[in-house]
Amino acid sequence: MTNQIWNPQEYRKSADFVPEMGRAVIELLEPKAGERILDLGCGTGVLAKELAAAGCTVVGTDSSPEMVEAARTAGVDARLADAQTLKMDEKFDAVLSNDALHWMPDQYAVVRRVWNLLKPGGRFAAECGGEGCVRVIREGMKIALIKRGIDYKARNPWKFPELGTFSDILENQGFQVKFIARIDRPTPLVHGLRRWLEVFSASHTDGFTSEQKEAFYKEVEDYCRPMLYSEQNGWTADYVRLRFLAVKPEE
Ligand code: BEZ
């Protein structure tokens, strides 16, 4: 059971670093005015709006109705869709995805869908959690869940791909991988680890009472503190990124 419920207001308040740090993927994409771009996992629509401001025609998709609603309110042409089963009649010059692919367990299916949506010569630029991402936090959550007799694997909604595996998925589909990198990106959690857990660990604590959540958050914090907290810097999450640019060859 991996029930991640998104709250766009909380996400904007506590995870504002996600689109902020996702600008690198826009730079990698090099969008040009007039291009049709699909933002896969558009969230609240921050990056989609930037692409639109650069003169692109942007469609966003997200599997969360709450996020689609928030993106639409922000003026984005956002559609409710799961990228693993996505089908559209339109074709795009480019597909961008920031911080979304690791929420999609069938990454082969996603790459296949993106391929089908791109015009020949189209680009796929993305960044997601990479192998080892938030290892310490995940370990803290795993210990706290095991203690409660809960199967961590069944609650874990994330798949952080290895560079080699993802590169193979892209190439086996037919993409030319122009750039791919695994990047350690320690990420300051200015609102603290607890707020991060509130936003991102909904499926781990699904069915918990508020008291049970409190105890869970505290145990995870206690586990992570020696590795991820300092008086000087506060909390820093152990993020690892996978960033890539792949091109569908011209026919
Ligand atoms: C993120 O979307 O920023 C994220 C969520 C869970 C684990 C790592 C990163």
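Structure: above.
Residues numbered from 1 in each chain as written. Predicted model: local features only at pLDDT ≥ 70, side-chain atom pairs only at ≥ 80, totals over all residues. Heavy atoms only, no water.

Account for the site of the ligand, with residues named and values stated.
In the vicinity of the ligand, 11 residues are found, and the nearest of them are D99, H102, W103, W158 and Y239. In this structure, H102 approaches the ligand through a side-chain N or O atom, which is 3.3 Å from an oxygen atom. Within the side chain of Y239, an N or O atom sits 3.0 Å from an oxygen atom of the ligand. Look at the ligand: alone it shows 260 Å² of surface, and the protein chains cover 99% of it. Looking at the shell around the ligand residue by residue, the classes come out as 9 nonpolar, 1 polar and 1 charged. (Near = heavy atom within 4 Å. Polar contact = N/O pair within 3.5 Å; in protein donor to acceptor, adjacent residues only side chain to side chain. Areas by Shrake-Rupley, 256 points an atom, 1.4 Å probe, with all protein chains shown as cover. Nonpolar A, V, L, I, M, F, W, Y, C, P; charged D, E, K, R; others polar.)

Can you tell me about the pattern of salt bridges, naming the residues and giving the values?
Under the defined criterion, the tally for this structure stands at 19 salt bridges. A salt bridge links E131 to R182, with the shortest nitrogen-to-oxygen separation between them at 3.9 Å. One end of the pair, E131, is in the loop between β5 (118-129) and α7 (135-147); the other, R182, is in strand β6 (residues 176-188), with 51 residues separating them in the sequence. A single network of salt bridges, built from pairs that share partners, joins R36, D77, R79 and E90. (Salt bridge = Lys/Arg side-chain N within 4 Å of Asp/Glu carboxyl O. Helix = DSSP H or I, 4+ residues; strand = E, 2+ residues; numbered from the N terminus.)

No statement about biological role is implied by the geometric values presented.
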